Structure formats: C-alpha cells, structure tokens
Amino acid sequence: MAQVRYTRLDNRRPSSNYCSTVTVVVFVALCLVGIWMMTSSYVGPAQNVDEVSLDTKDGIKKQMTPPAEEGNVQKSEDSAGETPNEEKKGDGDASFPEVDESSSKQDDQEEKKEEKIKEEPISSGDESSSKQEDQEEKKEENTKEEPTSSGDESASKQGDQEEKKDEKTKEESTSSGDESSTKQEEQEERKDETASSGETKSETEGGENKNDDSKSENGFDGNDLGEKKDLKDHPDEENPESKSENGFDGSDLGEKEDLKDHPDEENPDSNDKQTKPETEDNESGENQKKTTADESEKKSSDDDTEAKGDKETKTGNEGAETKTEKESTETIVEQEKSIPKNGTSGDLSPPGTQLELLNETTAQNGSFTTQATESKNEKEAQKGSGDQVDFKWTLCNTTAGPDYIPCLDNVQAIKSLKTTKHYEHRERHCPDTPPTCLVPLPEGYKRPIEWPKSREKIWYTNVPHTKLAEYKGHQNWVKVTGEFLTFPGGGTQFKHGALHYIDFIQESVPDISWGKRSRVVLDVGCGVASFGGFLFDRDVTTMSLAPKDEHEAQVQFALERGIPAISAVMGTTRLPFPGRVFDIVHCARCRVPWHIEGGKLLLELNRVLRPGGFFVWSATPVYQKKTEDVEIWEAMTELTKKMCWELISINKDKINGVGVATYKKPTSNECYKSRSEQQPPICADSDDPNASWKVPLEACMHTAPEDTTQRGSQWPEQWPARLEKPPFWLSSSQTGVYGKAAPDDFSADYEHWKRVVTKSYLNGLGINWASVRNVMDMKAVYGGFAAALRDLKVWVMNVVPIDSPDTLAIIYERGLFGIYHDWCESFSTYPRSYDLVHADHLLSKLKQRCNLTAVIAEVDRVLRPEGKLIVRDDAKTVQEVEAMVKAMKWEVHMTYSKGKEGLLSVQKSIWRPEDVQTLTYAIAA
C-alpha cells in the first residue's frame, strides 16, 4: 500500500478570489499557447479547469462516504506517486467524518503525481511541448477520474494555478520586460527543479512502498514521513493491531467493566498516544489553512514545499494540541459510529485501526493488571502503611548490647521506680516508642547446635557469659568446656541429672502420670531449664520462666539449648496466662517467698493451676531443719491449709539429697465454704481469673467451677487424645472464631493446618525442618498450627494477641502452651531465641494501631540468623513486609499471592547495618 501524503483543500477562500484566480490562470495559459503553439491541435484547458474547480468546490461541501469495498479496491490499486503540491495537503475539514472520501482523494493524487513525474522531461527542453503534454495529461485524467477523484485533482490544479498567479504577480511588479519571455525562464527553471525533485521522490517512495503491505496488515496504511518518524519514537502507535495479537498490555483480557468507566486507567500514556495522531491531523489542517497564502508566496519549488509542509504539520499540531484535545476525542468517538468497519482513513490510520484502538480502550484485562493500576496500588500501599518505602535500618546502641530486651532493659524507667521491694525492677517497662533499630550480634556468632545435642552443649560465642558458670558451677548448672558451654546436671536439686529427678517425682505421686494425665507444666525459677528440657523425654511440654537478674542470661541459656522459656518475674502483676490451665506447677529452689503478704504470690499460682492439678515444691524448707527453713515451712503449711491444698507427698531423693513436697488443688468448693476463717478471701464474682495482661495481683482465691459444662470442672482428655478433640466445654451454641459452631470451628481449624503444613510448609517453602527447634506462632487462635507440627521435634510458643479472641485456654486444654502479648510492645525474650516465626493474618491488623516497622524489627530481634519467617496475610501487607525484610538482606524463599491473599517465606541473614542509633533510655550512666 502506498504511503499516503496529505493534500490541502483550501475550500475556505472567498468565491471572488477564486474567480480571479481562474481568470488569471486562463489568461496566462492562452498567452503561452498563442506564442508557442500557433499550429498545434491544442484544446484549451480553461473550460476544464473552470468546470473541475467548480465541481471540486461543490464536492467539498457535499462529500459522501464511499462503500468500504470501493475504499479497499482503491487502496490496492494506488501504489505509487504523490501529488507534487505537498503544501496543499491535509485540510482538517476533510478528515473526520468523511474519512473514507478523503482517503480516496489522497490515493488519486498519488496516482496523478506518479504519472506526471514519469511523463515530465528531466532535462530542459521546449517549454511549449512540456506545457502541452502536462495539460493534455491533466485533461485525460479528468475524463477518467471518478467525481471524487476529479474533485481532488481540480483542487490540486486550483492550488497550482493560485501559486502561478502569485508568482506572476511578483514578476509583473518587479519586471516590465517581455512578459512571455520572463515566464518562459521561470517555467524552465521550475521544470528543472521538478524533474530533479521527481527523481528524488521516486527513489524515496520506492523505499517507503516496500513496507506498505506489512503496514496495511498491522493496521496502518497512510502516514507521511513526519508521522513515520514520530512512530519510531512511539512504536505502540505504529502497530496497534499487532499489539493486540501479541498480548498488548493485558487490557483486553480482564477488568472490562472497570475500564469502561475509567478507560484512562488502562494505560494513560498509550491512550494519549493513540488519540493524538487523529487529533493532530484535525488541528494541523485548521492551522495550515490559515497560513496557506503566506506559505505559497515563500515556496519556490514542489520539493521545498514537501519538506516545509511536513515541518508545518508538526508545528501546527503542537500549537493546537492543548486547545482542541477534548474536541478531538469527542470527534473520534463520533467517527467510530459512522466509519464503515473496513473503510479507510484519509489522514491517519484506516478506520479499522481506529476502531481497534477504541475497542482496546474498553477491552478486558483478563489475568493481566495495568501499569496504571499497579502503580496506583503501590502508591496507596506506601501511603497507607505510614512507613518509609526505602527502609534504612540502623543498629541499636544500648548498654545491654547483643542481649537487649526493650521492655526489660529500659534503664531510664527502672531508675524512676519508687520502690523495688516487689521486684518491680524485673518487670516489664516498655519504652513509649518501640525501637526500630536492629540488635547487634555477638562477636563470632555461629549457627546453633541442633536438637537434641543442644540440650547438652551450646556455643560459648553465642551466649558469651561465664558469670553463671562461676556462680553455679559447683551445682552442675553450666560449665565452660573449651568452645562450648555444657550442662552436666542442670539444676541445684538434680545435680546428677534431671531424668532421675523427674522419675522420682512420679514415683512419689503416681497420679502425676507424666505425658498422659500431666502434659503442660509451669516451671517457676527455672534456672537453665534443664527440668523442662528433659521432660520432653516424657512427652511433657514445659513453660519455664525466670527473671533477668543476677543469674546472668539463664533464660537465654535455656532458649539456646532449645528449651521453652520466657523472662518473667512474680512481682506485682499477674502472669500472662489464663486461669486454671497448668496441669503442674514446679518450683525447685526457685527462691520465691510464697508465704509473705498473705500468700499473694502462691495465690497467683493457685489462679493458673488447674483444679486437681499439682504443685511440686523442691526446696530446702521441705527437707532441711535450719531455723529459716523451719519458719518458712511452718508458714507454708498454714497457708496451704487455708487455701485448701492437700499435701499428697513428702519424699526425699537419696541420690540427689533433696526432698519434694507435692500439693493438690481442690476440685470443688466444699473446703472453701467450711473454712473457719475466710483467709485468704474468695475473689469477687466480678474478678475474671482469665484477665491477666498487666492486671495487678490480688490476695484472693477463685472458686472451682461447679457447672459441669464449665472449663475446669473436669480433667481434660489424656494426652495425646486431648490434642485433637474439641474441649468438652466448647458448646455448639457458641460461635467460633471463623463463624462455625465452636466445636466444628476447632476441628476445621485443625484440619486446615494439617493440610497446610503437610502440603505446603514441609516441602514447599524451602525450609530445612531439621534445623528448626524453637517456633513462635504470633497469632495462634486454636493452636492448630502447633498441633499440626506435633510429629516434628519442635515446640511452639503460641501467642494470643490481647486484641484477638481469647482462645488461649483452648490451646492449653489441648495439651499445648502459650502466652498473651501485645505486639505493639517487645516480647519478653532474649534476642535470637527462635528458629521460625509464623504470622497468620496478624500484621495487617497490627499496622492499624502499631508501627509495622517496629514490629518487623522485633521479629528480627527474636529470630535467629538463618531463621525463617512465614507471613500469611493480605497481599498488600505481604508486599510491605517483603520490602522491609529485603532491606535487611533477608533471602526470599517464596512469595505468592492469589486474589487479595498473599504468602511470604523468608530467611533472616546475618547482615547488620553500619549506621548506629543510640537509645538513650537504654543506656546506663
């Protein structure tokens, strides 16, 4: 298909000027013929020119759209040539609704131009012969052309005649010589230039026409060189149809309804590009018509006209673009209604292409999103999170250094305490603003030793503290052995090993039945937690707690060994556990003054101990006869009787040389009612035993539940049956967390997590589970995730956030353990405590009231290097978290999203930032 050139149709000239122009042209032609062609059989063109011009003028006013078939035939026939009068092309009035007719005119002009170039002599010759041949050719073409083509040709001739008239006028004003001689010289000069121009144009057109077929196939069949150059800068305009065939930008496969209402959202830039060519043609025509007369006077040859015409078209477009953009867009929409499906366009691409562009604007996106939508969502996500996008992490500078626990190392808050009598200085004092810096690593930190070897020894460089070894070395707590810290015995009360001590307790009280009746244990004042560590061999899980005190890093030793533990103290507030959940509470030389202040601390153990549960006390008052020990024993005996605890057994372990006293909590309220003195008092009915987050201690007792449908009225199922069965006290009349009846909700949650762990987590996340021991579930709900990991050699700290449904009692009921916590604060554990942290639909809720950056910094603090983080949440939150951890150089094992849901699996690196942030409240003077 030929490269179409634009033709100006100057149909806005006044009729008087038009007639004058025709008269002058006829006069000039007759003079030339009379002088040079006296004997020729010449038929004067005056009438023809006049008639064709009138037809053209009338045709411009009454243009009709030809059938699509004719347009296609016309396009295939026109393959060469352009009109020499390039300065007259591209009138804006002839472009849009009559797109098909103007296209035909341009094709006719191309044919006429090619034929004229072929017949014109290249060298200068007889002027009269050249003129005669030219006019005869025009006459023949006039008789052959269709009315529309005649209109185009006459318009072109009219332009030639006007130009000649203007030039003649110039000649007359500057020369008084022989008029015919002057014109002869002028015409000879023009013929030479025209011939030269014709050769150049023919060569150029030949090169351009090589790509015509491919252009028509791809949706473009008519653009001038200026447009072609522009399309090189904007290739998506050059071939819109092929873009659709090759995938386009995804806009034709989905989100159709949304894009109909907001077509600009599909691709604002490309839409602008697609509509601008059509808009610019209309605008260029209007601007060019206003300047045609001036331009005609400045041009001396057709070749110059073509070059300048292209340049002026571009200039006209730029000048009018902003003024008529809206009008042009409306014109395009109206044009779509009137253009035949297979018609052709006069000024730009054919109507089929324009229709495709409009169709693409309203097409579906399918599975592809648009860049506009992606960018918009990302900007909103960045604004919505309230956190910076380019995360620049810093290193925390504190006195505690690598062992920094924000809520326990708040030096400034501790100094401001009025008293430390009740261990207030060991309790939580969180900073007003949680830290967003990262805790440094100990020098020479190594990958932790895997369980169960870690129970016996750990790397000294990971917990480089020798004070406890020096202070408790003679009691076989911990020793320094080369590059390791070893634990030969594990505690003051079991110097020769914890397993013997554990078996001795069961021998003393067979009803304890480790791993069956007794499954969940609280170990108070745990030391290095060897008791809990060896209870794993009896299928028992133990929550060990000890304060961060002069027994340096004892809880950190426990966690490094792979044993559950938290930093906590029995001070002025309740422990962060529900009431009536532990099967056994154990204290071995725990140094807690149980009997003072009305037995407030022992009454706190009574709150968390299950009715029928045991308190195992192994301390010097049980078996030694020192004055202090005797006084404590007598005070404890009186207190336990008032509390209705039954002393089941007092036995002495001959191997370890220690005695153990075992008490049992009552399962009914009969004893409470029969007491002669109501001390300690019964708690008020309004006192909720499950309320424990920062609740002050009270010296009172909660009664045993009497309703058989209440939790605590009977002992749970034996382990492991209790893990899978819904607790008996969950009623079908209760609605579960996920909307089903509570028992069904429990079972569905368990099945869900078994399926997720088996089919996804174990094999699909790139996690080496052999290296995983300490696990934290930041939002445990029913503990289904922990239950699904039962067959692995792991333990799970199930955390129930304080603003989530209180389901922690259910977790304990099924033989697991956990803790309440507010994730806007730091967790009560040492840095580098956990191998894997799991967050299921927690962070999206947290960021509504917490600083998400601080939460992720806390995750980094508790997670070991090479530890894993699994996040399940909405895709937006997952994206934010991924950006944060990538800034910490974490390795992304997997990121996945489906709809609005996302999954992220990442591994912490050993990288630490170089920039330091000093936390003044954590610096000791």
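See the structure printed just above.
Residues numbered from 1 in each chain as written. Predicted model: local features only at pLDDT ≥ 70, side-chain atom pairs only at ≥ 80, totals over all residues. Heavy atoms only, no water.

Before we go on, may I ask you to explain the nonpolar core in this structure?
A general trend in soluble globular proteins is that nonpolar side chains are found buried together. With 138 residues, the main nonpolar core has L522, F577, W594 and F615 as its most contacted residues. Considering each element in turn, this core owes the most residues, seven residues, to helix 27 (residues 742–764). When residues of this core are sorted by domain, at least three fall in each of domain 1 (389–441 + 734–924) and domain 2 (492–702). Excluding residues that lie within four positions of it along the chain, F615 makes contacts with V585, C587, W594, L602, L605, L609, M636, W645, A661, T662 and Y663. Of all hydrophobic cores here, the second largest spans 19 residues; its members include F494, V521, V540 and A588. (Core = buried A, V, L, I, M, F, W, Y, C linked by side-chain atoms within 4.5 Å. Buried < 20%, exposed > 50% of the residue type's maximum accessible area, 1.4 Å probe, protein only. Helix = DSSP H or I, 4+ residues; strand = E, 2+ residues; numbered from the N terminus. Domains from an automatic or database assignment. Contact = heavy atoms within 4.5 Å.)

Teacher, can you tell me more about the pattern of salt bridges here?
Side-chain pairing between opposite charges can occur once the charged atoms of the two side chains come close. By the definition in use, this model includes 29 salt bridges. Of the charged contacts, one joins D409 and K548 as a salt bridge, the two residues approaching to 2.7 Å between their closest N and O atoms. Of this pair, D409 sits in the loop between strand 1 (395–397) and helix 17 (411–415) while K548 sits in the loop between strand 6 (541–546) and helix 21 (554–561), and the two are 139 residues apart along the sequence. Here E456 and R455 are joined by a salt bridge, their closest N and O atoms 4.0 Å apart. On the accessibility criterion, E456 (37% relative accessible area) is partly exposed. One network of salt bridges, in which partners are shared, links D583, R610, R722 and E813. (Salt bridge = Lys/Arg side-chain N within 4 Å of Asp/Glu carboxyl O.)

What's the story with the pairing of strand 15 (residues 834–840) in this structure? I'm lost.
Look at any regular strand and the pattern is simple: side chains alternate between the two faces of the sheet. When you tally the buried positions in strand 15, you get seven out of seven residues, the bulk of the element. Relative to strand 15, strand 12 (residues 774–777) runs parallel, the two being bridged by three bridges. Along strand 15, the bridge assignment pairs V775 with L836. Note that strand 15 and strand 16 (residues 863–874) share six bridges and pair parallel. Opposite L836, over in strand 16, you have K868 as the bridge partner. (Pairing = 2+ DSSP bridges.)

Could you clarify how one ought to interpret the environment of N410 in this entry?
Mapped onto the fold, N410 is located in the loop between strand 1 and helix 17. Taking C-alpha positions, N410 is 8.2 Å from I923, a pair spaced 513 residues apart along the chain. Of the polar contacts made by the side chain of N410, one reaches the backbone oxygen of H429; its length is 3.1 Å. (Polar contact = N/O pair within 3.5 Å; in protein donor to acceptor, adjacent residues only side chain to side chain.)

Explain helix 31 (residues 852–862) here, please?
Among the 11 residues in helix 31, 11 count as buried, and that is most of the element. Taken together, the buried positions of helix 31 are occupied by L852, T853, A854, V855, I856, A857, E858, V859, D860, R861 and V862. In the core, the buried residues of helix 31 are packed alongside strand 15, helix 30 (843–846), strand 16 and helix 32 (875–887). In this structure N851 caps helix 31, since a side-chain oxygen of it lies 3.0 Å from the backbone nitrogen of T853.

How should I be thinking about the sheet that holds strand 12 in this particular structure?
By way of backbone hydrogen bonds, the strands of a sheet pair with one another, either parallel or antiparallel. The mixed open sheet is built from seven strands, whose spatial order is 14-13-12-15-16-18-17. Where the open sheet ends on each side, the last strands, each with one partner, are strand 14 (818–821) and strand 17 (891–898). Each strand of the sheet is rotated relative to its neighbour by a mean of 15°, with strand direction disregarded. Together, strand 16, strand 17 and strand 18 (901–907) form the strand contacts of helix 32, whose direction differs from that of strand 16 by roughly 160°. (Axes fitted to C-alpha atoms, helices over the stretch in contact; angles between N-to-C directions.)

Looking at this model, I keep getting lost on the pairing of strand 12. Mind explaining?
By the alternation rule, side chains of strand 12 split into N774 and M776 and V775 and D777, which are all buried. Pairing of strand 12 with strand 13 (residues 795–801), which is carried by four bridges, proceeds in the parallel orientation. By the bridge assignment for strand 13, N774 is matched with W795.

Where do I start with helix 22 (residues 600–608) in this structure?
One turn of an α-helix holds 3.6 residues; hence residues three or four places apart share an orientation. Among the nine residues of helix 22, eight are classified as buried, and the element is accordingly described as predominantly covered. The set of residues buried in helix 22 consists of L601, L602, L603, E604, L605, N606, R607 and V608. Buried positions along helix 22 lie against strand 5 (520–524), strand 8 (582–588), strand 9 (609–618), helix 24 (627–642) and helix 25 (670–674).

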